[in-house]
Amino acid sequence: MTETKRTLWIRQPLACSDAAAAGGVVIQSERIIEAVADGARPQSRVDDVFDAGNHVLLPGLVNTHHHVYQTLTRAYSPALNKPLFPWLTTLYDVWANLDEPQLALASELAMVELLMSGCTTVADHHYVFSGALTHAIDVQVETARRLGVRAALTRGSMSLGRDAGGLPPQSVVQDERTILDDSQRLIDRYHEPDDGAMTRIALAPCSPFSVSRELMQETARLAESNDVRLHTHLAETADETAFCQQQFGLRPLDYLEACGWLSDRTWLAHGIHFDDDEIVRLGRAGTGIAHCPSSNMVLGSGLCRTLELEAAGAPVGLAVDGSASNDHSNLAEEMRQALLLGRLRYAPGEITHETVIRWATQGSARCLGRDDIGGLAAGQQADLALFRLDEARFSGAENPLAALLLCGAHRADRVMVAGRWRVTDGEPCDVDLSELLARHSQAARRLREAL
Ligand code: ZN
């Protein structure tokens, strides 16, 4: 028997989000091989045991939308207190100076921050490709692989700059041919189609309004021919709806559909401003929605109609969104925000901690087109998040699962990705955190000073 084939029982957690795994899970290599019933012993051979009696066990959380480069422009004074469009135009000029070493640090910082919050799969939407940053996705793949985090990295794009009536400066837009060729290169080089994939590539124009109609259509065709997923921002603000009607004579979803994007290959960031008919169409198509509660509150964008979307058949996942509109990358905190924000729209009994945990795990996994993550069933990947409740904020809590959200869990004690511990005792493995923070904050300062 080789060392890699040993089995590990995560034994009898204090609580678990999946009743079928109340007795824990048995891991072998990168997979869960058995979910254990409450109080039972595993039927599988057990070589090693981790006693989880002080831990709440969840499937590893899955983040469906982020812009990790924005960790370099958190709480940036000139962009504070602005709605989406002026906020974007203020920051584009800063982001236009990004280079590859800065993006590497931003990626590492955001991925470590996500890991420490219990997140095991990170999706990022990177669409700034200035002259100094033509290999942004390569940098992100390398960082995710080094950290051992599962990643869905999306090749973003912008082809309409200020010269063509768009929002971004010309220095960060690319022509269609360059974008499509690089998309194909990245898929060929990095995309892992198989079950258990650690790296997937998806295609992601920044928004349907920052690229040409031809690029939207060509991107959909390229995704179809390579069987990769499609992602973009949609229906984030009322301004966007007005802009789209003025520009195309169509509402955003009609335009998306006209470009060949209304399908179960697509997941959309935000998805706030949909009417009843549009929700039915999204559900029928199986298009996913990455719900970003903190960002929606910071920018005053509105409240996503999460429950109607889910009821219609659209997968709903959770996301921290970019750090310049959140400004953290903490998915555990985002679960609490989703619960609280949801209560402004729905009755307390309709949005529960179970609802939100479902969004952050299996709902998010469905947005990314995956059934091998987001759960604790035998055969799924061994991606786990374990939280302790021995901080002051949890003291006196009766229901451990509810306590994670209501008392505000923000730091996992242990996180496993594909059978490897990536966080232990609340600290990331193989990362010098204080050194990373020093280098990241220095890079942020340099970026601001370059303006
Ligand atoms: Zn976003």
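Residues numbered from 1 in each chain as written. Predicted model: local features only at pLDDT ≥ 70, side-chain atom pairs only at ≥ 80, totals over all residues. Heavy atoms only, no water.

**Comments concerning the overall build of the chain**
Okay, step 1: Helices and strands together make up the secondary structure of the chain, namely 14 helices and 18 strands.
Okay, step 2: Its C-alpha atoms give the chain a radius of gyration of 21 Å, within 12% of the compact-globule value 22 Å for 451 residues.
Okay, step 3: Taking the principal axes of the C-alpha coordinates as reference, the chain spans close to 65 × 45 × 45 Å.
Okay, step 4: Counting every position in the chain, which comprises 451 residues, the buried fraction comes to 60%.
Okay, step 5: A separation threshold of at least 6 residues defines the contact pool for the chain, and within that pool the share at least 24 residues apart is 74%.
Okay, step 6: Roughly 16,600 Å² of accessible area belongs to the chain as shown, and the carbon and sulfur atoms make up 48% of that amount.
Okay, step 7: Of the side-chain charges in the chain, 41 are positive and 60 negative, and the distance between the mean point of each set is 2 Å. (Helix = DSSP H or I, 4+ residues; strand = E, 2+ residues; numbered from the N terminus. Rg over C-alpha atoms; globule rule 2.2 N^0.38 Å. Buried < 20%, exposed > 50% of the residue type's maximum accessible area, 1.4 Å probe, protein only. Contact = heavy atoms within 4.5 Å. Areas by Shrake-Rupley, 256 points an atom, 1.4 Å probe, with all protein chains shown as cover. Lys, Arg positive; Asp, Glu negative; His and termini not counted. Charge placed at Lys NZ, Arg CZ, Asp CG, Glu CD.)

**Structural notes on the pattern of salt bridges**
Okay, step 1: Under the criterion given, the structure shown has 32 salt bridges.
Okay, step 2: The residue Glu278 makes a salt bridge to Arg251 at a minimum N-O spacing of 2.7 Å. Within this pair, whereas Glu278 is found in helix α8 (residues 276–285), its partner Arg251 is found in the loop between α6 (238–248) and α7 (252–258), the two being separated by 27 residues in sequence.
Okay, step 3: Taking relative accessible area as the criterion, Glu278 reaches 2% and is therefore assigned buried.
Okay, step 4: Residue Asp276 is joined to Arg305 by a salt bridge in which the shortest nitrogen-to-oxygen separation is 2.6 Å. You can see Asp276 sitting in helix α8 and its partner Arg305 sitting in the loop between α9 (293–298) and α10 (306–312), a full 29 residues away along the chain. (Salt bridge = Lys/Arg side-chain N within 4 Å of Asp/Glu carboxyl O.)

**A closer look at the packing of helix α12 (residues 353–367) against helix α13 (residues 400–408)**
When two helices pack together, you describe them by how their axes are tilted relative to each other and by the distance separating the axes.
Okay, step 1: Taken N-terminus to C-terminus, the directions of α12 and α13 make an angle of 80°; their axes are 9 Å apart at the nearest point. Classified by the interaxial angle, the pair formed by α12 and α13 is roughly perpendicular. Seen from α12, the contacting residues are His353, Val356 and Ile357; seen from α13, they are Leu401, Ala402 and Leu405.
Okay, step 2: By residue class, the composition of the contact of α12 with α13 is five nonpolar, one polar and no charged. (Axes fitted to C-alpha atoms, helices over the stretch in contact; angles between N-to-C directions. Parallel < 35°, antiparallel > 145°, perpendicular 65-115°, else oblique. Nonpolar A, V, L, I, M, F, W, Y, C, P; charged D, E, K, R; others polar.)

**As for the pairing of strand β3 (residues 24–28)**
When a strand is regular, its side chains alternate between the sheet's two faces.
Okay, step 1: In terms of residue burial, β3 counts as a mostly covered element, since four of its five residues are buried.
Okay, step 2: Bridge count for strand β1 (residues 7–11) against β3 is five bridges, and the pairing is antiparallel. When the bridges of β3 are listed, Arg11 appears paired with Gly24.
Okay, step 3: Sheet topology places β3 next to strand β4 (residues 31–35); four bridges connect them, and they run antiparallel. By the bridge assignment for β4, Ile27 is matched with Ile32.
Okay, step 4: Linking β3 to β4, which pair antiparallel, is a turn of two residues; within it Ser29 sits at a positive phi near 50°. (Pairing = 2+ DSSP bridges.)

**Examining the sheet that holds strand β15 (residues 384–388)**
Consider a sheet: its strands pair through backbone hydrogen bonds, and that pairing is either parallel or antiparallel.
Okay, step 1: Overall, mixed pairing links the six strands, which are arranged β2-β6-β15-β16-β17-β18 in an open sheet. Bordering the open sheet on either side are β2 (15–16) and β18 (427–428), each of which pairs with just one other strand.
Okay, step 2: Where strand β6 (residues 55–59) meets β15, five bridges bridge the pair, whose relative direction is antiparallel. Note on β15: the bridge partner recorded for Leu58 is Ala385.
Okay, step 3: Against the sheet, α13 contacts β2, β6 and β15, and its axis sits at roughly 80° relative to β6.

**Side note on the sheet that holds β1**
Okay, step 1: As summarised here, the arrangement of the four strands in space is β4-β3-β1-β5, forming an open sheet in which the pairing is mixed. Lying at the two open borders of the sheet, with one neighbouring strand each, are β4 and β5 (48–51). Within the sheet, the average angular offset between the axes of one strand and its neighbour, ignoring direction, is 25°.

**Looking at the environment of Met335**
Okay, step 1: Among the secondary structure elements, Met335 is positioned in helix α11 (residues 331–345).
Okay, step 2: Residue classification places Met335 among the buried positions, given a relative accessible area of 2%.
Okay, step 3: Separated by 16 residues in sequence, Met335 and Ala319 place their C-alpha atoms 9.0 Å apart.
Okay, step 4: Residue contacts for Met335: discarding those within four places in its chain leaves Leu58, Leu61, Leu318, Val356, Ile357, Ala360 and Leu405.

**Remarks on the domain arrangement of the chain**
Okay, step 1: Assigned domains within the chain: domain 1 (7–59 + 380–426) and domain 2 (61–367).
Okay, step 2: A straight line from the C-alpha centre of domain 1 to that of domain 2 covers 29 Å.
Okay, step 3: Of the roughly 2,000 Å² buried at the junction of domain 1 and domain 2 (both faces included), carbon and sulfur atoms supply 64%.
Okay, step 4: The largest per-residue losses of area from domain 1 upon contact with domain 2 belong to Leu405, His410 and Val417, which jointly make up 28% of the total buried on that side. (Domains from an automatic or database assignment. Buried area = accessible area lost by both parts, 1.4 Å probe.)

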